[in-house]
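Okay, here's what each chain looks like letter by letter:
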Amino acid sequence: MNTRSRDRVAGKTLSISGKERRMQDVRVRFAPSPTGFLHVGGARTALFNWLFARRHGGAFILRMENTDIERSSGEREDDMLEDLAWLGLDWDEGPRKDGDFGPYRQSERIEIYRQYAEQLLEEEKAYPCFCTPEELERKRKERIEEGRPPRYDGSCRNLTGKERAKRRADGRPESIRFIVTEGEKKRFSDIIRGEVEFPHHMVGDFVILRSNGLPTYNFAAAIDDALMKITHVVRGEEHLSNTLRQLMIYDALGFGWPAFAHIPLILGSDRTKLSKRKGAPNIRDFRERGYPREGIVNYLAFLGWSPPDRDEILSVEELVREFSLERVSESPSIFDVEKLNWVSAQHTRRGGAARYFEEALPYIPGELKDRYRQDELREIFDIVSENMPFFSRLMEETVFFRPGPPGMTGEAVQMLKRREGLFSAFADAFGSCGEWNTECIRGAIKEVGKRCGVKGKELYMPLRAALTGALHGPDLASIVRIRGKKDVIGTLKHAAGEAARM
RNA sequence: GGCCCCUUAGUCUAGUGGUAAGGACGCAUGGUUCUCAGCCAUGAAUCAGGGGUUCGACUCCCCUAGGGGCUACCA
C-alpha cells in the first residue's frame, strides 16, 4: 500500500485555515450516462457523493451526461432517477430540481460547450480537424502495427486558412481538437490515491467537439464541473487517467481545479469489471425482489469504505455521520450477494414489522391476506423475518401459516403413519383450551404428550407435519396460535383421517 | 506498445517499522430448541513472489507477476 500522501493530503486539507468554510461550501455531483437502470457501481459512486455532501452540509448535484445520443434516452433517464430516488439519494440540484447552475442535462447545454470551443479556437488552443473516421482508423491501425502509441498525429493542426476552406467546401466532417502541448505534465493530489502525475504526451490532440456538434465527455465534464462550482469530483477509478485531459481543459479555460477522489471499481466474481453483458447487478432488480433500501445502502457503503469502529450495521444517518473519503480504500472490491443478504437481513430483523411491514405487504400471498387480520399478518411477519434479506422470500416463508391441510413432503407423510390417535388427542386438547394463547397451547401439547406417552420429537414432529406438511419451520406454538383453533382442529382431524387410511 | 492505478484468508476489510496480523460474511464443530432460523461458543483459512533499506518489515524503496483503467468524434 502506497502510504502515499493520504496523510499529506489529509494534513493539507486540515491545515487550510478556511477549512470550516470550505467544507460548508462542498458541492459534489453524480454524473451518470442515462443508459438504463442504475447498477451497483453507479449506485455506490452516487452514494459516496451523497454521503460526503450530507456529511458536510454541502450540495449533491445530479447531472445527466447524455451526449451519446445512441445510448441515452428520456425513458432511461427516468429509470435511473427512480432508482436513485428509491435509494434515498435525493439531489439538491439536477433534473426535476432546478438550481442556479442548470440546465443539468448536457444535451441542454450544447450551446455552452460550443461557445467554449469557439473561445479555444480563437485563442488557438484548438483547431478544426477534417479527418474522416476511416482515415483516423487507418492511421491508428498503422501506428499500432508499427508499435507506436496510437495517438492522433496532428495532421490537421497546421492547416492554412485556405486548406481549411477547401476541406469545408469538400463537405468533409469537421470536428474540433484540443492542442496538447508537449513536454509538460499534470500533477494533482487525489484524496484517495495521493499524488498522481500524468505526462501530456500520453494523449494526442483530442476531440472536444464532435462533427455532429456534440461535445466529448472530457470536454463537457470539465466545463460542467467548473461552471457548476463542483468542489470535489468523486468518481470511479476508470476516470483517473481522464483527469489529465480535463485538467488541460481547466487550464486552457482558466478554471481552478476541484479536488479529486477516485474510488476503486466494483468487480464481478471473476475479478473483472462488472458489465451489463455479464448481468451486472442493478438496483431495480434488488428493489423488485424486495430488498430494504437500508440494507443495500449499508452494504454498498461498506464496499471500499469502512468506519473507524467495528460496527457493520449502520443506519443511513449513522453512515452520514461516519463517512469520510480519507477512509475509502484504494483497491477494487467484489460484489458479494451473500454478504449483502446478511446485512440486509440484519436490517429487516432490527426493524421488524414496525418498520418494514408496509413495504413487505405486497409480497405476502393473497391467500394469507384474505385469511388473517392485519395484526396477525404483522405477527407472522415478525416471526418469519428473523432471517429475511428480501421480502419476496415471504412467498416461501409464510407457507406454514396457510390455512387448511398442507401439501406434504415425503418425510412429513411418513410422520402421519399410525398416528391417528395422536392427532385426535391433539384436536381434543386444543378444543378444550379455554383462552387461545401460547401458554394454553403449550399446556395442551404437553398434556397430549403425557396422555399418549410420547415426548420430544415424537410429540412435536407429527404435529408439525400434520399442520405444515414439513419437518421444519417457525415455533410450533406460534403457528398453532396464529392459525386459530378452528383451522388447527380441522386440519388435525383431516390428518387423522389421512393417517387412518395409510 | 506507452502512461497510470491496485494487490492482507473464498469475499468485505482493520492495520501507517516492533501486534499472537484484529473484525465481518461464508464455511465447519458444539451448545440452546420439536425442527429450521436465530442466538452463544469454538475452529480452519490471509500479508502475490523476489530483492533491498533497517537492529527489526504487512507497513518504506525497487523489480517481477497478476488485475484494472486510459491511450475513441463512449462515458
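The preceding data block contains the structure.
These numbers come from a predicted model, not from an experiment.

### Thoughts on the pairing of strand S9 (residues 259–263)
Two faces, one strand: in a regular strand the side chains alternate between the faces of the sheet.
Now for step 1: Counting buried positions along S9 yields four of five residues, so the element is predominantly enclosed.
Now for step 2: Across five bridges, the pairing between strand S8 (residues 232–236) and S9 is parallel. Looking at S9, one finds that His 232 is bridged to Ala 259.
Now for step 3: Viewed along the sheet, the connection from S8 through helix H9 (residues 242–253) into S9 turns out right-handed.

### Let's talk about the packing of aromatic side chains
Now for step 1: Taken as a whole and assessed by the stated rule, the structure comprises 16 aromatic pairs.
Now for step 2: Here the aromatic rings of Tyr 116 and Phe 255 are separated by 5.7 Å at their centres, their planes lie at 65°, and the arrangement is edge-to-face. In this pair, Tyr 116 is assigned in helix H5 (residues 110–122) and Phe 255 in the loop between H9 and S9, connecting sequence segments 139 residues apart. Phe 255 shares its class with Tyr 116; the two are buried.
Now for step 3: For the pair Phe 302 and Trp 305, a centre-to-centre distance of 5.5 Å together with 75° between the ring planes defines the contact as edge-to-face. Judged on exposure class, the residue Phe 302 and its partner Trp 305 are both buried.
Now for step 4: One aromatic cluster is present, built from ring pairs that chain together Phe 286, Tyr 291, Tyr 299, Phe 335 and Phe 390.
Now for step 5: Above the plane of the ring of Phe 48 lies Arg 44, whose end atom (NZ or CZ) is 5.1 Å from the centre.
Now for step 6: Sitting over the face of the ring of Phe 206, Arg 245 holds its NZ or CZ atom 5.8 Å from the ring centroid.

### Details of the packing of helix H11 (residues 293–301) against helix H13 (residues 337–360)
Now for step 1: In contact at an axis separation of 8 Å, H11 and H13 are set at 150° when each is read in the N-to-C sense. Relative to H13, H11 is oriented roughly antiparallel. Between H11 and H13 the crossing geometry is right-handed. For the pair H11 and H13, contact is made by Arg 293, Glu 294, Gly 295, Ile 296, Asn 298 and Tyr 299 and by Lys 339, Leu 340, Val 343, Ser 344, His 347, Arg 355, Tyr 356 and Glu 359, respectively.
Now for step 2: Grouping the amino acids of the contact of H11 with H13 by side-chain chemistry returns five nonpolar, four polar and five charged.

### Some thoughts on helix H4 (residues 74–87)
Now for step 1: If you check H4, its first and last C-alpha atoms are 20 Å apart, about what 14 residues at 1.5 Å a residue would give, namely 20 Å.
Now for step 2: Close packing links the buried residues of H4 with strand S1 (27–30), helix H3 (40–55), strand S2 (59–62), helix H10 (283–288) and H11.
Now for step 3: One or two steps after H4, the chain reaches Gly 88, where phi turns positive at roughly 90°.

### What about helix H20 (residues 457–468)?
Now for step 1: Taking 1.5 Å per residue as the helical rise, H20 with its twelve residues ought to reach 16 Å, and the 15 Å between its terminal C-alpha atoms agrees with that figure.
Now for step 2: For H20, every residue scored as buried is listed here: Leu 459, Pro 462, Leu 463, Arg 464, Ala 465, Ala 466, Leu 467 and Thr 468.
Now for step 3: The inward-facing, buried residues of H20 abut helix H17 (410–416), helix H18 (420–431), helix H19 (438–452), helix H21 (476–483) and helix H22 (485–501).
Now for step 4: The positive-phi residue at the C-terminal boundary of H20 is Gly 469, with phi of around 75°.

What counts and how
- Residues numbered from 1 in each chain as written.
- Chains lettered and ligands numbered in written order.
- Predicted model: local features only at pLDDT ≥ 70, side-chain atom pairs only at ≥ 80, totals over all residues.
- Heavy atoms only, no water.
- Buried < 20%, exposed > 50% of the residue type's maximum accessible area, 1.4 Å probe, protein only.
- Helix = DSSP H or I, 4+ residues; strand = E, 2+ residues; numbered from the N terminus.
- Pairing = 2+ DSSP bridges.
- Right-handed = clockwise from strand over helix to strand, strands pointing away.
- Phe/Tyr/Trp six-rings, centres within 6.5 Å; stacked < 30°, edge-to-face > 60°.
- Lys NZ or Arg CZ within 6 Å of the ring centre and 35° of its normal.
- Axes fitted to C-alpha atoms, helices over the stretch in contact; angles between N-to-C directions.
- Parallel < 35°, antiparallel > 145°, perpendicular 65-115°, else oblique.
- Left-handed = near helix turned anticlockwise from the far one by under 90°.
- Contact = heavy atoms within 4.5 Å.
- Nonpolar A, V, L, I, M, F, W, Y, C, P; charged D, E, K, R; others polar.
- Expected span 1.5 Å × (residues − 1).

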